[in-house]
Amino acid sequence: MAFRLNRVLLNIGMAILTIALSLGWASLTHPNFAADPLYADAQTLVSFGARVAGSPNVERASEFLINEYRKAGYQVEVQTFNYPKFFDLGSKLIVNQTSIEALAMVRSISGNLSGKLVAVPNFGKPEDFQAVNMKGAIALVKRGGGLQFNQKIDNAVAAGAIGIVIVNNQPENVRGMLMEASPIPAIAISGKDGDSLFEQAQKTELRATLTVQTRPDAIGRNVIAHLPNVKQPKLIIGGHYDSVENSPGANDNASGTAVLLGLARQLAKSPEAQQIWFMAFDGEEDGLKGSEAFVNQAGSKFLANLKGMINFDMVGVNSRLLIDGSGALSAIAKSTSGDVRSSRFGGSDHISFGMREVPTLFFFRGKDPNYHSPGDKIVDPRLLRETQQKAYKIVSQLLK
Ligand code: BES
Ligand code: ZN
């Protein structure tokens, strides 16, 4: 009997442990986390899905942030900027009324065309195109054979093709990348679909419709919040709110975006806020595009008047808070927070400011096993709060 009771207790213990692990320890130590504004903000950002710069999701995230900053009493500006970035807005191939999954090749032009689908022998050298009648037709060409995609496209255009379908050399499909823009619509299909299509096209005449819808640039949007009439801040506090494709970007970087917003709320009524701009950067994942656009437009006088820039990126996972510092900010942060290093870990938006001689502090928590993956959907509310508290102390010290 005692043995059975022990077993029951053990099972209950294991069940609690499993639930605790699946919910995250935070739910046990902080049972009211649903009411935690930092955690709720991070969750809201995650709920929009991957916040890829230039996508509708990131626009919705920007609207959420604008609204929250306004509610906290700030004036908000959106700084837009453009940069080259390829989008596939929906591309398809229909052969004899059957739809085949297709991916537009990066740098393909848009187009909607119909014609004969002609299988090109071998791998699409000029002489391979000579062996078939390509005039006004869509070329079906295998990947590989030592020829670049662009060479195959050039040869297809020279032979009179109006579009090109590349068959991958693996059963699945890939997003092909062209070195130069394609003058005719170019798509890729999987080896599995392509090989059977190839056989059919050699036997009978196939008609295909090719639709490629692409966009060659992205519009990024930085969200800038400050109290009315603050034209020249002493301090910029920032973090990027965009994320990579296929990742909800909880730690990278809904975490930093939430801490930034939390600090803005905490400071809203304080004299320090008269000296701060809060900035949620877009396009960070495409190479620090948002912060780069900002420093490029800011002018050297504006930047020279800054005491510094503080950046938060990936502060919701790993218990140890790390601070990298440069210039005069390092010393001040050291006096309040102890260990401030200068390791230049991770590329993030403070780098754009550092390159313009603005002293920076970078708050982060190191490597995350879910970095840039669909699994990046967990943040620990306690870690967000701790980051905000430590940053608040440093900011108060800095602007004293
Ligand atoms: N959040 C990362 C940088 C990072 C990594 C911070 C690990 C803290 C810990 C950032 O969004 C990123 O992925 N940066 C790129 C470079 C950027 C210029 C595209 C990187 O670090 O590779
Ligand atoms: Zn990041």
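The structure under discussion appears in the preceding block.
In this text the structure is predicted, and so the values were computed from the model without any measurement.

Draft legend 1. View of the coordination of the zinc ion (ligand 2). Taken together, the protein donors to the zinc ion (ligand 2) comprise His240 (NE2), Asp252 (OD), Asp313 (OD) and Asp313 (OD), at separations of 1.9 to 2.6 Å. Each of the six donor atoms bound to the zinc ion (ligand 2) contributes to angles spanning 51 to 164 degrees, and the resulting shape is irregular. All donors to the zinc ion (ligand 2) come from one chain, and their sequence spacing reads H-x11-D-x60-D. One end of the pair, histidine 240, is in strand β13 (residues 235–240); the other, aspartate 313, is in the loop between β15 (308–312) and β16 (322–325), and 73 residues separate them in sequence. Its relative accessible area of 0% is what places histidine 240 among the buried residues. According to the relative accessible area criterion, aspartate 313 is buried, its value standing at 6%.

Draft legend 2. The arrangement of the environment of aspartate 41 in detail. With respect to the helices and strands, aspartate 41 occurs in helix α3 (residues 37–47). Note on aspartate 41: relative accessible area 6%, which makes it buried. Separated by 214 residues in the primary sequence, aspartate 41 and serine 255 place their C-alpha atoms 8.7 Å from one another. Every residue in contact with aspartate 41, bar those within four places of it in the chain, is listed here: Phe64, Ala258, Leu261 and Arg265.

Draft legend 3. Focus on the site of ligand 1. If you check the shell around ligand 1, you find 15 residues, and the closest are Glu284, Glu285, Asp313, Gly347 and Tyr371. Side-chain polar atom of histidine 240 to an oxygen atom of ligand 1: 3.3 Å apart, as the coordinates give it. Taking histidine 372, its side chain carries an N or O atom lying 3.1 Å from an oxygen atom of ligand 1. If ligand 1 stood free it would expose 520 Å²; the protein chains cover 77% of that surface. Residues that form the shell around ligand 1 fall into these classes: six nonpolar, five polar and four charged.

Draft legend 4. Region of the structure containing helix α11 (residues 328–337). Turning to α11, its buried residues number three or more, namely Leu329, Ser330 and Ala333. Down the axis of α11, the smallest arc covering the buried residues is 100 degrees, so these residues share one side. When the buried face of α11 is taken as reference, the exposed residues oriented beyond 90 degrees from it are Ala328, Ala331 and Ser335. Buried residues along α11 sit in contact with β15, β16, β17 (360–364) and α13 (381–398).

Draft legend 5. Quick peek at the pattern of salt bridges. If you walk through the whole model with that rule in mind, you get eleven salt bridges. A salt bridge links arginine 385 to aspartate 36, with the shortest nitrogen-to-oxygen separation between them at 2.3 Å. Of the two residues, arginine 385 sits in helix α13 while aspartate 36 sits in the loop between α2 (26–29) and α3, which places them 349 residues apart along the sequence. With its nearest N and O atoms 2.8 Å apart, the salt bridge here joins arginine 175 to aspartate 88. Note that arginine 175 is positioned in the loop between β8 (163–167) and β9 (177–182) and aspartate 88 in strand β1 (residues 75–88), a separation of 87 residues in sequence. Residue classification places aspartate 88 among the partly exposed residues on the basis of a relative accessible area of 23%. By sharing partners, the salt bridges in this structure join Asp41, Glu68, Lys71 and Arg265 into a single network.

Draft legend 6. View of the packing of aromatic side chains. Taken as a whole and judged by the stated rule, the model has eleven aromatic pairs. With a centroid separation of 5.3 Å and 75 degrees between ring planes, the pair formed by tyrosine 74 and phenylalanine 278 is classed as edge-to-face. Of this pair, tyrosine 74 sits in the loop between α4 (56–71) and β1 while phenylalanine 278 sits in strand β14 (residues 276–281), and the two are 204 residues apart along the sequence. In this structure, tyrosine 74 and phenylalanine 278 share a single accessibility class: buried. Here the aromatic residues Trp277, Phe281, Phe294, Phe302 and Phe353 are joined through ring pairs into a cluster of three or more. Seen from the ring of phenylalanine 198, lysine 142 lies directly overhead, with NZ or CZ sitting 4.3 Å from the centre.

Draft legend 7. Expanded view of the sheet that holds β16. One open sheet holds the seven strands; their spatial order is β1-β12-β14-β13-β15-β17-β16, and the pairing between them is mixed. Each edge of the open sheet is held by one strand with a lone partner, namely β1 and β16. In this sheet, neighbouring strand axes are inclined to one another by 20 degrees on average, regardless of whether the strands run parallel or antiparallel. Of the pairings in the sheet, the one linking β13 to β14 comprises six bridges and is parallel in character. The residue bridging histidine 240 from the neighbouring strand is phenylalanine 281, located in β14.

Draft legend 8. Structural detail: the nonpolar core. By size, the foremost hydrophobic cluster in this structure holds 66 residues, and its most contacted members are Tyr69, Tyr74, Ile237, Phe278, Phe294, Ile310 and Phe363. No other element matches helix α8 (residues 250–267), which puts nine residues into this core. Within the second largest apolar cluster, 21 residues are counted, among which are Leu93, Ala102, Leu117 and Leu197.

Draft legend 9. Spatial organisation of the pairing of strand β11 (residues 206–212). Most of β11 sits out of view: five of its seven residues are buried. The sheet contact formed by strand β2 (residues 92–95) and β11 spans four bridges and is antiparallel. Residue pairing for β11: lysine 92 is matched across the bridge by threonine 211.

Draft legend 10. Here's a closer look at the side chain of histidine 240. Within the local environment of histidine 240, its side chain forms a polar contact with the side chain of aspartate 313, the two groups lying 3.2 Å apart. Setting aside its immediate chain neighbours within four residues, histidine 240 contacts Asp252, Asn253, Thr257, Phe281, Glu284, Glu285, Phe312, Asp313, Ser348 and Asp349.

Thresholds, definitions, all that
- Throughout this description, residue numbers start from 1 for each chain and increase along the sequence as written.
- For naming, the first written chain is A and the first written ligand is 1, with later ones following in the order written.
- Selection of residues for local features in this predicted model requires a pLDDT of at least 70, selection of side-chain atom pairs for listing and counting requires 80 or more, and totals for whole chains, interfaces and linings are taken over all residues.
- For the side-chain quantities, the full set of heavy atoms in the structure was used; hydrogens and water were omitted.
- Think of the donor list as every N, O and S atom within 2.8 Å of the metal, or within 3.2 Å for Na, K and Ca; water never makes the list, so a site can look incomplete.
- Tetrahedral means four donors with every angle between 85 and 135 degrees, whereas square planar (four donors) and octahedral (six donors) require angles over 155 degrees between opposite donors and between 65 and 115 for all others; sites fitting neither are termed irregular.
- Helical segments are the DSSP runs of H or I of at least four residues, strand segments are the runs of E of at least two, and each set is numbered from the N terminus.
- When accessible area is computed with a 1.4 Å probe and restricted to protein chains, residues below 20% of their type maximum are described as buried, those above 50% as exposed, and intermediate ones as partly exposed.
- Only heavy atoms enter the contact rule, under which two residues are in contact if any of them lie within 4.5 Å.
- Any residue with a heavy atom lying within 4 Å of a molecule or strand is counted as near it.
- Polar contact is the term for a pair of N or O atoms within 3.5 Å; when the atoms are in protein, one must be able to donate a hydrogen and the other to accept it, and sequence-neighboring residues count only if both atoms are side-chain atoms.
- Note on areas: Shrake-Rupley with a 1.4 Å probe; residue coverage comes only from the protein chains shown.
- Note on residue classes: Ala, Val, Leu, Ile, Met, Phe, Trp, Tyr, Cys and Pro are nonpolar, Asp, Glu, Lys and Arg are charged, and everything else, Gly too, is polar.
- Note that the arc is defined by the directions from the helix axis to the C-beta atoms.
- When a carboxyl oxygen of Asp or Glu is within 4 Å of a side-chain nitrogen of Lys or Arg, the pair counts as a salt bridge.
- Note on ring pairs: Phe, Tyr and Trp rings are taken, using the six-membered ring of Trp, and paired if centres are within 6.5 Å. Classes follow the plane angle, with under 30 degrees stacked, over 60 edge-to-face and the rest tilted.
- Lysine NZ or arginine CZ positioned within 6 Å of the ring centre and within 35 degrees of the ring normal marks a charge as sitting over the ring.
- Two strands pair under a simple rule: DSSP has to find at least two bridges between them.
- Lines fitted to C-alpha atoms define the axes here, with helix axes fitted over just the stretch in contact, and angles between the N-to-C directions of these axes take values from 0 to 180 degrees.
- Note on terminology: a nonpolar core comprises buried Ala, Val, Leu, Ile, Met, Phe, Trp, Tyr and Cys residues joined through side-chain atoms within 4.5 Å.

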